[in-house]
Amino acid sequence: MLPRTLPRALPSLSRSAFIRFASSGAPSLSNPALWKTSGFLNGEWTAGSSKDKFAVYNPGTGGVLGEMPEMGVDETKKAIEFAYEAGKGEWGTTSEYDRAKVLNKLFALMNEHAEDLAKIITAENGKPMTDARGEITYGASFIEWFAGEAVRNYGDIVPSGAPGVQNLVFKQPVGVCGIITPWNFPFAMITRKLGAALAAGCTAVLKAPAETPYTTLAIAELCRQAGVPDGVVNVVVTEKGVAAVGKELCENPLVKKISFTGSTRVGKILMQQSSSTLKKLSMELGGNAPFIVFDDADVDKAVAGAIISKFRLSGQTCVCANRIFVQSGIYDAFSTALVKAVSGFKVGEGSLPGITHGPLIHQAAVDKVERHVKSAVDGGAKVLVGGKRGEGEGYFFQPTVLGDVKVGISEIDEDETFGPLAPLYKFETEEEVIKLANAPEVGLAGYFFSQDYRRIDRVGKALQVGMVGANTGLVSQTAIPFGGIGQSGFGREGSKYGLQDYQNIKLVAVGGY
């Protein structure tokens, strides 16, 4: 049965709640030079030796945006060689202050072209323009941040136990970095890594996401305009060759660092491939974030937190709440308020005005959400709102809330949905929910709501994740160390710690004093 406080008829997302706009081709940009259609090697736009192409789609319409060359291992090797040579040249020896000047110019260019960049993101990723604009602001902030960190790249003088010796500690760029990013934040995922790499004095080869290559290439164009020397930033585009390109980046001895954001499964493969050359690694991998609402929570704040944590980008974020645990005393009030809020979403193609939630990235993503809903319902869960595919073209699934979900009955417990599905689990005690929250082997983010300051301290420490949001559904910020523990990976991005993953620490012991 439904909780007594819920209406007997399920709220529905009517046909009018889903808005379509059949379109294809490139978006209209104020600066068409940002729309690039090939790879970027050593300062030149090139398809390399590729004769094949792959299509890039608008997930909100299903229409083709354009085509990209199917680059491969040969182009990746060349990109690595260009990056290696560029690192030995002016970029590798330039001062931190000069690198900061370039990064600040890049930051200014990103702000100048923010609207065009947002249009590109919406066209190939599908997120609403409001969210795309927010991503540009957030992503550009990493460039500004690391411009500042570049000139705070302090070394040390370490007291020596040996007479007449002075110990000098330097931080130096690690070298060529292979950067592999996903499609869900096509701008910010790159700037968070590339900003640190450039600030440290590294060079980079970017493997662009096949779903969202245009944003990556626009970043490369702005790097060129900002004065980043040729060969310092290179971009390889591919769809069929993703595995081969990744393998080359991991096994090529000229590459000294791999930074990857993606699934735990793929992260393990890249780690194995990198082991032969003992590369420095940063891995931001899959999550299964718990979201806990205790009886003493402020319901309105908890619902607002759930909306942003669960449904931002239609649930396609790595820190997205995947399992929502609600204590029994507040369960009815919370579920009623959440259903009401979700029922008010306006779903559609992201460039249209008023849209709050866009499509999923492709059909496989829709299929996965549908499978998770079915597995939960088959186990006794109730659909409180949504629960079906969207109508018409594009890759849509209705924003969905499931009630009375039981632990152990569905794929949701162990598998990140990555879609607009909020499953509500009822719990009784703090001890019980901490055990449930920590059950998965991944540990990226977790959230909880409570007005008891002692509980905030206890639960914040008890959750086995890299990042905790207490009374907030949003943890991502430029200044915080972003990353997970366990099978969610290692390394930290952003913050004062973010530069370290792109540096080697060197001791020079000077005698004769």
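Quantities reported herein were computed from a predicted structural model and do not represent experimental measurements. (Residues numbered from 1 in each chain as written. Predicted model: local features only at pLDDT ≥ 70, side-chain atom pairs only at ≥ 80, totals over all residues. Heavy atoms only, no water.)

## Brief notes about the pairing of strand β17 (residues 400-403)
Note the threshold: For every residue, the accessible area obtained with a 1.4 Å probe (protein chains only) is divided by the maximum for its type, and the residue is called buried under 20%, exposed over 50%, and partly exposed between those limits. Secondary structure counts use DSSP, requiring at least four H or I residues in a row for a helix and at least two E residues in a row for a strand, with both numbered from the N terminus. Strands are labelled as partners when DSSP assigns at least two bridges between them.
What you see with β17 is no split at all: T400 and L402 on one side and V401 and G403 on the other are buried throughout. Here strand β16 (residues 382-385) runs beside β17; their pairing, made up of three bridges, is antiparallel. Looking at β17, one finds that K382 is bridged to G403. Where β17 and strand β18 (residues 421-427) come together, three bridges link them in parallel fashion. Bridged to T400 within β18 is L421.

## Regarding the confidence of the model for the chain
Let me state the cut-off plainly: Each residue gets a pLDDT score, which is the predictor's confidence in that residue and runs from 0 to 100. Residue contacts are defined here by distance: any two heavy atoms, one from each residue, within 4.5 Å place the two residues in contact.
Taken over all residues, the pLDDT of the chain has a mean of 94, while the share at 70 or more is 95%. Confidence drops under pLDDT 50 across residues 1-12; counting only partners more than four residues distant or on other chains, this segment forms 23 contacts.

## Quick word on the sheet that holds β17
As a reminder, the rule being used: Structural elements are reduced to axes, namely lines fitted to C-alpha atoms, with helices fitted over the stretch in contact, and the angle between N-to-C directions of any two is expressed from 0 to 180 degrees.
Read from one edge of the open sheet, seven strands run β16-β17-β18-β14-β13-β20-β21, paired in mixed fashion. Single-partner strands in this sheet number two, and they are β16 and β21 (467-470). Neighbour to neighbour, the strand axes of the sheet diverge by 25 degrees on average, direction disregarded. When strand β13 (residues 289-293) meets strand β20 (residues 445-449), the two strands line up parallel, connected through three bridges. Across the sheet, the residue bridging to I292 is F448, located in β20. Contacts from helix α11 (residues 328-343) reach β13, β14 (321-327), β16, β17 and β18 within the one sheet, and its direction differs from that of β14 by about 135 degrees.

## Here we look at the sheet that holds strand β7 (residues 166-173)
Pairing within the open sheet is antiparallel, and its three strands lie in the order β6-β7-β24. Two strands in the sheet have a free side with no partner beyond their single neighbour: β6 (156-158) and β24 (503-510). In this sheet, neighbouring strand axes are inclined to one another by 30 degrees on average, regardless of whether the strands run parallel or antiparallel. Bridge count between β6 and β7: three bridges; the pairing is antiparallel. Note that in β7 the partner of V158 across the bridge is N167.

## Digging into unusual backbone geometry
Positive phi, close to 55 degrees, is recorded for L313, a residue that is not glycine. If you trace the backbone, L313 turns up in the loop between α10 (299-311) and β14. Assessed through its relative accessible area of 6%, L313 is described here as buried. One non-glycine residue, N471, lies in the positive phi region at around 60 degrees. Locating N471 in the fold gives a position in the loop between β21 and β22 (485-486).

## Concerning the nonpolar core
Going by this rule: In plain words, nonpolar cores are sets of buried Ala, Val, Leu, Ile, Met, Phe, Trp, Tyr and Cys residues tied together by side-chain atoms within 4.5 Å.
If you look at the biggest cluster of nonpolar residues, it comprises 123 residues, and the most contacted ones within it are M110, L194, F334, L338 and V401. Considering every element that reaches this core, the biggest residue donor is helix α5 (residues 129-150), with ten residues. If we skip the residues at most four places from it in the chain, F334 touches V293, V299, A302, V303, A306, I324, V326 and L424. If you look at the next biggest cluster of nonpolar residues, it comprises 28 residues, including L360, V373, L402 and L436.

## Points about the side chain of S259
On the secondary structure map, S259 appears in strand β11 (residues 255-261). For S259, a relative accessible area of 0% translates into the label buried. When sequence neighbours within four positions are dropped, the list of residues in contact with S259 reads G178, I179, I180, K193, S282, E493 and Y502.

## Overview of the environment of V237
Within the secondary structure, V237 sits in the loop between β10 (233-236) and α8 (242-251). V237 sits in the buried class, given a relative accessible area of 1%. The spatial distance from the C-alpha of V237 to the C-alpha of F54 is 9.5 Å, given a sequence separation of 183 residues.

## Here we look at helix α1 (residues 73-88)
How we decide: In this analysis, the expected span of each helix is defined as 1.5 Å times one less than the number of residues it contains. In this context, the arc is that of the directions from the helix axis out to the C-beta atoms.
Compared with an ideal rise of 1.5 Å per residue, which puts 16 residues at 22 Å, α1 spans 23 Å between its outermost C-alpha atoms and is within 8% of the ideal. Among all positions in α1, only E75, T76, A79, I80, A83 and A86 are buried. In an axial view of α1, the angular spread of the buried residues amounts to 140 degrees, which keeps them on one side of the axis.

## What to know about the pattern of salt bridges
Operational definition: The term salt bridge refers to a pairing of a side-chain nitrogen on Lys or Arg with a carboxyl oxygen on Asp or Glu at a separation within 4 Å.
Tallied over the entire structure, the rule returns 20 salt bridges. Put simply, E411 and R371 hold a salt bridge, and the shortest N to O gap is 3.1 Å. Taken together, the residues span a long stretch of sequence, with E411 in the loop between β17 and β18 and R371 in helix α12 (residues 363-378) at a distance of 40 residues. Linking R458 and E430 is a salt bridge whose minimum nitrogen-to-oxygen distance equals 2.7 Å. Of the two residues, R458 is situated in helix α14 (residues 453-462) and E430 in helix α13 (residues 430-437); the sequence distance between them amounts to 28 residues. Taking relative accessible area as the criterion, R458 reaches 39% and is therefore assigned partly exposed. Several salt bridges converge on common partners, so that one network encompasses R192, K193, E284 and E493.

## Overview of the packing of helix α3 (residues 96-112) against helix α6 (residues 188-200)
Geometry of a packed helix pair, given as the angle between the helix axes and the separation of the axes. Operational definition: Angle categories: roughly parallel below 35 degrees, roughly antiparallel above 145, roughly perpendicular from 65 to 115, and oblique for all the rest. Throughout, a crossing is termed right-handed when the near helix is turned clockwise from the far one, and left-handed when it is turned anticlockwise from it by less than a right angle. In the scheme used here, Gly and all other residues not listed as nonpolar or charged are polar, with Ala, Val, Leu, Ile, Met, Phe, Trp, Tyr, Cys and Pro taken as nonpolar and Asp, Glu, Lys and Arg as charged.
Where α3 meets α6, the axes come as close as 9 Å, and the angle between the chain directions of the two elements is 155 degrees. With respect to each other, α3 and α6 are oriented roughly antiparallel. For α3 against α6, the interelement crossing comes out right-handed. Taken together, the residues of α6 that come into contact with α3 (itself represented by R99, L103 and M110) are T191, G195, L198, A199 and A200. Within the contact of α3 with α6, the residues separate by chemical class into five nonpolar, two polar and one charged.

## A short note on the packing of aromatic side chains
Here the distance between the centres and the angle between the planes together describe a pair of aromatic rings. Keep this limit in mind: Ring pairs are drawn from Phe, Tyr and Trp, using the six-membered ring of Trp, whenever the two centres fall within 6.5 Å, and their geometry is named by plane angle: stacked under 30 degrees, edge-to-face over 60, tilted for the rest. Lysine and arginine charges are scored as sitting over a ring when NZ or CZ, respectively, is within 6 Å of the ring centre and within 35 degrees of the ring normal.
Per the stated rule, a full pass over the model turns up ten aromatic pairs. Ring centres of F294 and F427 lie 5.7 Å apart, and the angle between their planes is 90 degrees; this geometry places the pair in the edge-to-face category. Separated by 133 residues along the polypeptide, F294 in the loop between β13 and α10 and F427 in strand β18 bring together distant segments of the chain. Here F294 matches F427 in class, with each residue buried. Sitting over the ring of F482, R192 keeps its end group 4.0 Å from the ring centre. For the cation-ring pair, K257 lies above Y502, with the distance from its terminal atom to the ring centre recorded as 4.6 Å.

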